[in-house]
Amino acid sequence: EPEVTQTPSHQVTQMGQEVILRCVPISNHLYFYWYRQILGQKVEFLVSFYNNEISEKSEIFDDQFSVERPDGSNFTLKIRSTKLEDSAMYFCASSLYEKLFFGSGTQLSVL
Amino acid sequence: QQQVKQSPQSLIVQKGGISIINCAYENTAFDYFPWYQQFPGKGPALLIAIRPDVSEKKEGRFTISFNKSAKQFSLHIMDSQPGDSATYFCAAGVMDSNYQLIWGAGTKLIIKP
C-alpha cells in the first residue's frame, strides 16, 4: 500500500534555529496537511495545502511557519526560529478525498 | 463550537470484552466522523468513518454508532484483543472544507490478556 514518508524521524535543534521537516505524500493525492502532537496528546491541525497554496491554517501556524511544495513530490514545513514550545511530533498527511494518510512523523526537540 | 470531546481518557478492558469510546461535538455543520488508531511511534491510521446519513457502520469487530440528535458518536470494539491496545482518536470535519479535521483528545486503550 502506498505510504506517506517523512524525514528525518528525529530532529534536535537549538532554540532560535531554523528547521525544515520533509514529507513525500502519496503520489496521486491532492490535499496535503501538517499536524502536530505533543507528548502523545491531542493531534492539532496546523495547515492544509491544495492546488499549490495554503487552503486553511490554524492559530498555531503563525509567521514562523511556512510550507512549500517545491517540486512534484516533496512537501515541506519550515519553522524559521524555533521555540521550546515547538517541541512535538509533526505529522504530514495527504489525501485524495476524505481519507487522510499519515506519515510516521518527525519528533522535533528544541533545546 | 469547534471542539470534539472524547471520553474516557484511558480504558482497560479484558481480552474478549467490548471496548466503548465516546465522542461529542457541537458544530452541526460537521458531516464526516472518522476514528483513527495510533500505535506508539506511528502516525494515526484511519480505522473506520461514518457520515451522518446512517446511524451505524460496522467493519469487522469495529462499529461506529452515530446519534445525530444528541450530537454524539461512539466506537465499539467487539471481542477486544491485546493487539487492539493503542490510542484511539475520534475526529470530525466538514467535507467541503478541504477535509480539515477537528480531533478529540484521544483514548489510551489497554486490552489485558
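Further up the page is the structure itself.
In this report, we go over the structure that sits alongside the text. Not measured: the values here are computed from a predicted model.

### Observations concerning the pattern of salt bridges
For the structure shown, the criterion picks out four salt bridges over all chains. In this structure, Glu44(A) and Arg36(A) form a salt bridge, with 3.1 Å as the shortest nitrogen-oxygen distance. Residue class for Glu44(A) comes out partly exposed when judged on its relative accessible area of 27%. Here Asp31(B) ties to Arg51(B) by a salt bridge, and the two come within 3.7 Å at their closest N and O atoms. Here Asp31(B) is found in the loop between strand S3 (19–25) and strand S4 (33–38), whereas its partner Arg51(B) is found in the loop between strand S5 (45–50) and strand S6 (56–59), with 20 residues between them in sequence.

### Examining the sheet that holds strand S8 (residues 75–79) of chain A
Residues and elements named next belong to chain A. The antiparallel open sheet is built from four strands, whose spatial order is S1-S3-S8-S7. Both outer strands of the open sheet, strand S1 (5–7) and strand S7 (65–68), are each paired with one neighbouring strand and no more. On average, each strand axis in the sheet is inclined to that of its neighbour by 20 degrees, with strand direction left out of account. Pairing of S7 with S8, which is carried by four bridges, proceeds in the antiparallel orientation. Looking at S8, one finds that Glu68 is bridged to Thr76.

### Here we look at the nonpolar core
Residue and element names in this part refer to chain B. Membership of the largest hydrophobic core comes to 26 residues, with the highest contact counts inside it found for Val4, Phe30, Phe33, Trp35, Phe73, Leu75 and Tyr88. Elements with a minimum of two residues in this core: strand S2 (10–14), S3, S4, S5, strand S7 (62–67), strand S8 (72–77), strand S9 (86–93) and strand S11 (107–112). The biggest single contributor to this core is S9, with four residues.

### Side note on the state of the cysteines
A complete count under the given rule lists two disulfides over all chains for this structure. Cys23(A) shares a disulfide with Cys92(A); S-S distance 1.9 Å. Residues Cys23(A) and Cys92(A) are joined by a disulfide whose S-S torsion is about -65 degrees; by sign, that bridge is left-handed. One end of the pair, Cys23(A), is in strand S3 (residues 19–24); the other, Cys92(A), is in strand S9 (residues 88–95), with 69 residues separating them in the sequence. Judged by its relative accessible area of 1%, Cys23(A) falls in the buried class. Residue Cys23(B) pairs covalently with Cys90(B) via a disulfide, S to S 1.8 Å. Handedness here is read from the sign of the S-S torsion; for Cys23(B) and Cys90(B), about -90 degrees, the answer is left-handed. Taken as a pair, Cys23(B) in strand S3 and Cys90(B) in strand S9 lie far apart in primary sequence, 67 residues in all.

### Here's the deal with the side chain of Gln6(A)
Residue and element names in this part refer to chain A. Tracing the backbone shows Gln6 in strand S1. The exposure class of Gln6 is buried, given its relative accessible area of 11%. A polar side-chain atom of Gln6 sits 2.9 Å from the main-chain amide nitrogen of Cys92. A polar atom in the side chain of Gln6 sits 3.1 Å from the backbone nitrogen of Gly105. Beyond its immediate sequence surroundings of up to four residues, Gln6 is in contact with Arg22, Cys23, Trp34, Tyr90, Phe91, Cys92, Gly103, Ser104, Gly105 and Thr106.

The rules behind the values
- Residues numbered from 1 in each chain as written.
- Chains lettered and ligands numbered in written order.
- Predicted model: local features only at pLDDT ≥ 70, side-chain atom pairs only at ≥ 80, totals over all residues.
- Heavy atoms only, no water.
- Salt bridge = Lys/Arg side-chain N within 4 Å of Asp/Glu carboxyl O.
- Buried < 20%, exposed > 50% of the residue type's maximum accessible area, 1.4 Å probe, protein only.
- Helix = DSSP H or I, 4+ residues; strand = E, 2+ residues; numbered from the N terminus.
- Pairing = 2+ DSSP bridges.
- Axes fitted to C-alpha atoms, helices over the stretch in contact; angles between N-to-C directions.
- Core = buried A, V, L, I, M, F, W, Y, C linked by side-chain atoms within 4.5 Å.
- Disulfide = S-S within 2.5 Å.
- Polar contact = N/O pair within 3.5 Å; in protein donor to acceptor, adjacent residues only side chain to side chain.
- Contact = heavy atoms within 4.5 Å.

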